[in-house]
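Descriptive analysis of the structure
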Amino acid sequence: MPIVVDIDVMLARRKMSVGELADRVGITPANLAVLKNGRAKAVRFSTLAALCEVLACQPGDLLRWEAEDAEDGVNAGGGVNAGDAVGVPGD
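Heads up: these notes are all about the structure in this document. No experiment lies behind these values; they were computed from the predicted model shown.

**Some details on the pattern of salt bridges**
- Under the counting rule described, the total for this entry stands at 3 salt bridges.
- A salt bridge links Asp 6 to Arg 64, with the nearest nitrogen and oxygen atoms 2.6 Å apart. You can see Asp 6 sitting in the loop between strand S1 (3-5) and helix H1 (7-14) and its partner Arg 64 sitting in strand S2 (residues 63-65), a full 58 residues away along the chain.
- By relative accessible area, which is 14% here, Asp 6 ends up buried.

This is how it looks when you write it as structure tokens:
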């Protein structure tokens, strides 16, 4: 997945354990591990806000986008080009 979660970087900077962060954010250590290890498919804004508050950081300090390799069969840009049609299906 092209979204990389850098919670462990912020944990190291703050000298905080996963268990302490989970307690302070109000989520289970297992759910925090799923997010931290990049296996989560989504994150609630309220959880992201709580992580940022506890870690005294911005969302961009925790999440970043990395282009996937073209070898994986994925367009490395992944975006919409100027000439691409964008609209409602069936238009």
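**Overview of the packing of H1 against helix H3 (residues 29-36)**
- Two numbers describe how H1 lies on H3: the axes approach to 9 Å, and their chain directions differ by 115°. The angle between H1 and H3 places the two elements in the roughly perpendicular class. Here Ile 7, Asp 8 and Leu 11 of H1 lie close against H3, whose contacting residues are Leu 32, Leu 35 and Lys 36.
- Grouping the constituent residues of the contact of H1 with H3 by class yields 4 nonpolar, no polar and 2 charged.

**Concerning helix H2 (residues 18-25)**
- Among the residues of H2, Leu 21, Ala 22 and Val 25 are the ones counted as buried. The buried side chains of H2 occupy one side of the element, clustering within an arc of 100° when seen end-on.
- Contacts made by the buried residues of H2 are with H1, H3 and helix H4 (45-55).
- Within two residues after H2, Gly 26 carries a phi angle of roughly 95°, on the positive side.

Parameters at a glance
Residues numbered from 1 in each chain as written. Predicted model: local features only at pLDDT ≥ 70, side-chain atom pairs only at ≥ 80, totals over all residues. Heavy atoms only, no water. Salt bridge = Lys/Arg side-chain N within 4 Å of Asp/Glu carboxyl O. Helix = DSSP H or I, 4+ residues; strand = E, 2+ residues; numbered from the N terminus. Buried < 20%, exposed > 50% of the residue type's maximum accessible area, 1.4 Å probe, protein only. Axes fitted to C-alpha atoms, helices over the stretch in contact; angles between N-to-C directions. Parallel < 35°, antiparallel > 145°, perpendicular 65-115°, else oblique. Contact = heavy atoms within 4.5 Å. Nonpolar A, V, L, I, M, F, W, Y, C, P; charged D, E, K, R; others polar. Arc of directions from axis to C-beta.

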